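Structural overview for review
Listed below, chain by chain, are the residues.
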Amino acid sequence: MGFRMDIGRDGLHADVLVIGFGKGGKTAAAALGRLGSRVVVVERSDRMYGGTCPNVGCVPSKGLVHHSRRRRPEDAAQEFYEASVAKVQQVREFMRAGNYAGLNGIETVSVLTGRAVFLDPHTVAVETADGPVSVRADTILINTGSEPVVPDIPGLRGSRFAPSSTQMIESTRLPERLAIIGGGYLGLEFAAIYQRFGTRVTVLEAAPRIMAREDEDVADAAVAILAEEGIEFVTEARVVEIRDGEHEATVVYEQHGEKHTRTVDAVLPATGRMPATDGLGLDLAGVRTTENGAVEVDGHLRTSQPHIFALGDVNGGPQFTYISLDDSRIVLDQLIGKGERSTADRVAVPRTLFMTPPLATTGMTEKEARAAGHRLRIARQAVADIIAMPRAYAVEETRGLMKFVIDADTDQILGAALLSIDAQELINTVTLAMRHGITASELRESVYTHPSSTEAFNDVLGTIIRADG
Ligand SMILES: Cc1cc2nc3c(=O)[nH]c(=O)nc-3n(C[C@H](O)[C@H](O)[C@H](O)COP(=O)(O)OP(=O)(O)OC[C@H]3O[C@@H](n4cnc5c(N)ncnc54)[C@H](O)[C@@H]3O)c2cc1C
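Presented here is a report on the structure given in the accompanying data block. Quick caveat: nothing in here was measured; it's all calculated off a predicted structure. (Residues numbered from 1 in each chain as written. Predicted model: local features only at pLDDT ≥ 70, side-chain atom pairs only at ≥ 80, totals over all residues. Heavy atoms only, no water.)

So, on to the state of the cysteines. On inspection of all chains with the given rule, the structure shows one disulfide. Shown here is the disulfide that connects C53 with C58, its sulfur atoms set 2.4 Å apart. In this structure the cystine formed by C53 and C58 twists about its S-S bond by roughly -135 degrees; its chirality is therefore left-handed. (Disulfide = S-S within 2.5 Å.)

Structure, rendered in structure tokens:
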């Protein structure tokens, strides 16, 4: 234990207790610990030091994206997959150990392994391998993350063929046929990964369109790429039952009033994640939750108890690691700063769907900007047509498009959708421009390295395909 404090008869006393070893919690814990605060971080699983992202989320899934792209047609699917999972798990192990040592190694920080449950507003009970420990603290940060939503479909919860995304990532058996329920970001990312590893993937989506939130031109281009890779999309498909057989499962779905079936080796429910508040004893702490089960917070991430904060997925905000990180900045600003930062400061939050090439978006879509009453200029170009971006040709990835939504009156960028090589990096530049009021013309006229993907902005932003008024 890094925390040189005896566990007395009435348990541990700390200045700050962090429940859950997620991104926001560990960042705040390290910062406060380095300033000398006595911090206890409680993590329920010794497999999860560092939280979801490095263990079962972003990092392993992007590791699998990377390995799946490297598979050649002559590679035996099962063996290649098994080797890829092993490499990904090695990285996970490295990061898990590093996270533990990094935090527990701070003189005044201690990591306690066990599930925390509130006993009262200042105290939690932790069931550790060495028995129960109570921890009492002046300030408490809840950072318990989120859990997958498993829809109430007959046969799904008890099915032997319906792994969670975590189980998929950890399993070394490659399914030959995979049905994914839900065409959201996580579902599509997994679809792209497994199709490239050699699985036959079907995405079953209840809505009439995949990626319904995005503009149609962007969604159509992305779905066309995924379909071209061999992924089958079935829209307006409502899954009504999962029937387990001896070696496979049958997915029953309704489409246009008719029942259909698919026989598969695995069914992945990818229907979202909900805040992990169940069993935390929040009622004993006097911490209110929202209708969706998230911890209710204000713009400073303070809960209904002024000394308790909630960071990351558990507070119902956007479910991204970088948002959890930003949450830690807000909380630290409350605890040791000027108390000025708030969630309202976030101008545009970028996001990336790590398909190949990636789709990264920020700000408003065209339809959102129109609905908000802006007069618009729309700049859009297919990547293959962007002469100023030879990098796409050099690395043989010319698929996709870049689209900018620009306010016609102010020249401010309202949003962008980049379906292109390097989009996961480019989107951060666009977001920074939006945040700091850099106009579309300034972004177009800027000096960029060559050959790079950023220099595409020199071209695309000069290509106005639609203008209002
Ligand atoms: C497959 C997948 C891919 C993803 N890809 C991306 C991506 O590319 N980019 C991105 O930004 N985001 C991605 N995400 C989302 C991202 O992982 C989460 O938004 C982020 O990890 C949330 O972090 P957090 O700080 O809220 O808590 P988490 O990292 O979820 O940590 C919460 C921790 O609390 C622990 N815990 C829970 N309850 C208790 C309790 N009662 N007592 C003690 N400990 C407890 C849990 O074990 C867990 O370790 C992905 C998620 C998944 C599942």
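Having seen it, we continue.
With that settled, consider the site of the ligand. The environment of the ligand is made up of 36 residues, and the closest members are E43, T52, K62, D313 and S324. Here an oxygen atom of the ligand and a side-chain polar atom of K62 are 2.7 Å apart. Contact between the ligand and F320: an oxygen atom at 3.2 Å from a main-chain N or O atom of the residue. Where the shell around the ligand is concerned, the elements lending two or more residues are α1 (23-34), β2 (39-43), α2 (52-56), α3 (58-70), β4 (115-120), α6 (185-197) and α9 (321-336). Among the residues forming the shell around the ligand, the class breakdown is 14 nonpolar, 15 polar and seven charged. (Near = heavy atom within 4 Å. Polar contact = N/O pair within 3.5 Å; in protein donor to acceptor, adjacent residues only side chain to side chain. Helix = DSSP H or I, 4+ residues; strand = E, 2+ residues; numbered from the N terminus. Nonpolar A, V, L, I, M, F, W, Y, C, P; charged D, E, K, R; others polar.)

With that settled, the discussion passes to the pattern of salt bridges. As a working rule, side chains carrying opposite charge can pair if their charged atoms are close by. Inspection of every chain in the model, using the stated rule, returns 39 salt bridges. Between D326 and R341 there is a salt bridge, and its shortest N-O distance comes to 3.4 Å. Remark: R341 occurs in the loop between α9 and β17 (351-353) and D326 occurs in helix α9; sequence separation between them is 15 residues. One salt-bridge network, held together by shared partners, links D215, D217, E366, R370, R380, K403, R466 and D468. (Salt bridge = Lys/Arg side-chain N within 4 Å of Asp/Glu carboxyl O.)

The next thing to look at is the packing of aromatic side chains. One pass over the structure, following the stated rule, counts 10 aromatic pairs. Judged by centre distance (6.3 Å) and plane angle (55 degrees), the rings of Y194 and F197 are tilted. Remark: F197 and Y194 occur in helix α6; sequence separation between them is three residues, near one turn of the helix. The exposure class assigned to F197 is buried, which follows from its relative accessible area of 0%. Taken together, a centroid distance of 5.6 Å and an interplanar angle of 90 degrees make the contact between F404 and F457 edge-to-face. Of this pair, F404 sits in strand β20 (residues 401-407) while F457 is found in helix α14 (residues 456-460), placing the two residues 53 residues apart along the sequence. The class of F404 is buried, set by a relative accessible area of 0%. Its relative accessible area of 0% is what places F457 among the buried residues. By way of ring pairs, the aromatic residues F80, Y81, F190, Y194 and F197 are connected into one cluster. (Phe/Tyr/Trp six-rings, centres within 6.5 Å; stacked < 30°, edge-to-face > 60°. Buried < 20%, exposed > 50% of the residue type's maximum accessible area, 1.4 Å probe, protein only.)

What follows covers the pairing of strand β21 (residues 413-419). For β21, the tally of buried residues reaches seven of seven residues, placing the bulk of the element in the interior. When strand β18 (residues 359-363) meets β21, the two strands line up antiparallel, connected through five bridges. When the bridges of β21 are listed, L359 appears paired with L419. Examined bridge by bridge, β20 and β21 share six bridges and lie antiparallel to one another. Pairing of M402 across the sheet is with L418, part of β21. Counting the residues in the hairpin turn of β20 and β21 gives five residues, including D411, whose phi is positive at 70 degrees. (Pairing = 2+ DSSP bridges.)

Residues spaced three or four apart along an α-helix point in a common direction, a consequence of the helix completing one turn every 3.6 residues. In a regular helix each residue adds 1.5 Å, so 13 residues correspond to 18 Å; α6 covers 19 Å between its end C-alpha atoms and thus fits that length. For α6, the tally of buried residues reaches 11 of 13 residues, placing the bulk of the element in the interior. For α6, the complete set of buried residues consists of Y185, G187, L188, E189, F190, A191, A192, I193, Y194, Q195 and F197. Once α6 finishes, G198 follows within two positions and takes phi at roughly 115 degrees, a positive value. (Expected span 1.5 Å × (residues − 1).)

On the secondary structure map, E455 appears in the loop between α13 (440-444) and α14. In the structure, E455 is positioned 69 residues away from I386 in sequence and 9.5 Å away in space, judged by C-alpha atoms. Beyond its immediate sequence surroundings of up to four residues, E455 is in contact with A388, M389, P390, Y448, T449 and H450. (Contact = heavy atoms within 4.5 Å.)

Attention now goes to the side chain of T352. Looking at where T352 falls in the secondary structure, it is placed in strand β17. In this structure, T352 is in contact with Y185, E189, P358, L359, A360, Q424 and I427, ignoring residues within four places of it in sequence.

What follows concerns the sheet that holds strand β22 (residues 464-467). Spatial ordering of the open sheet is given by β17-β18-β21-β20-β19-β22, a layout of six strands whose pairing is antiparallel. Of all strands in the sheet, those with a lone pairing partner are β17 and β22, marking the two edges. Strand-to-strand twist across the sheet, computed as the mean angle between neighbouring axes with direction ignored, equals 15 degrees. By the bridge criterion, three bridges tie strand β19 (residues 376-382) to β22 in an arrangement that is antiparallel. Directly across from R377, in β22, lies its bridge partner A467. This element, α6, spans β17 and β18 of the sheet and lies at about 35 degrees to β17. (Axes fitted to C-alpha atoms, helices over the stretch in contact; angles between N-to-C directions.)

Here the focus is the sheet that holds strand β11 (residues 237-244). The antiparallel open sheet is built from three strands, whose spatial order is β11-β12-β13. Edge positions in the sheet fall to β11 and β13 (258-264), since each has one partner strand and no second. Taken pair by pair, the neighbouring strands of this sheet meet at an average axis angle of 25 degrees, ignoring direction. Alignment of strand β12 (residues 249-255) against β13, held across seven bridges, turns out to be antiparallel. Looking at β13, one finds that V251 is bridged to R262.

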